[in-house]
Amino acid sequence: MAGSIHFNANMTFNQLIELVRQLPQNQKKQLVSILVEETDSISKEEVISTIKEGLKEVKLHKEGKIKLNTLDDFLADV
């Protein structure tokens, strides 16, 4: 029989890490999967906002107000 793990809603981040370390490996993998799934999603509003921001940059570039990076410059920064 596995030992019990006690959860305290007022625990610190480090205490939470220690709690997670006590989980069996398969439950750790399940937790990681859940966290990645939740953080990888992007909302419709975020997509629209990003597109609008890009379109503003294109407009400013066409007006000569900003200079956009070339693909080579972009890839050099990656």
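For the structure itself, look to the data block above.
Below: a short report on this structure. (Residues numbered from 1 in each chain as written. Predicted model: local features only at pLDDT ≥ 70, side-chain atom pairs only at ≥ 80, totals over all residues. Heavy atoms only, no water.)

**A look at the overall build of the chain**
- When you go through the chain residue by residue, the secondary structure sums to four helices and zero strands.
- Across the chain, helices and strands are ordered from the amino to the carboxyl terminus as α-α-α-α.
- Surface accessibility of the chain: about 7,500 Å² in total, with carbon and sulfur atoms responsible for 57%. (Helix = DSSP H or I, 4+ residues; strand = E, 2+ residues; numbered from the N terminus. Areas by Shrake-Rupley, 256 points an atom, 1.4 Å probe, with all protein chains shown as cover.)

**Some remarks on helix α3 (residues 44-62)**
- Its 19 residues place the ends of α3 27 Å apart at the C-alpha level, agreeing with the 27 Å of an ideal helix rising 1.5 Å per residue.
- Positive backbone phi, approximately 80°, marks G64, located one or two places after α3. (Expected span 1.5 Å × (residues − 1).)

**Looking at the environment of L68**
- Topologically, L68 is positioned in the loop between α3 and α4 (71-77).
- Along the primary structure L68 and E57 are separated by 11 residues, whereas in three dimensions their C-alpha atoms are 8.0 Å apart.
- What L68 contacts, discounting residues up to four positions off in sequence, is E57 and H61. (Contact = heavy atoms within 4.5 Å.)

**A short note on the environment of K65**
- Relative to the elements of secondary structure, K65 occurs in the loop between α3 and α4.
- Separated by 3.3 Å, the side chains of K65 and E63 make a polar contact. (Polar contact = N/O pair within 3.5 Å; in protein donor to acceptor, adjacent residues only side chain to side chain.)

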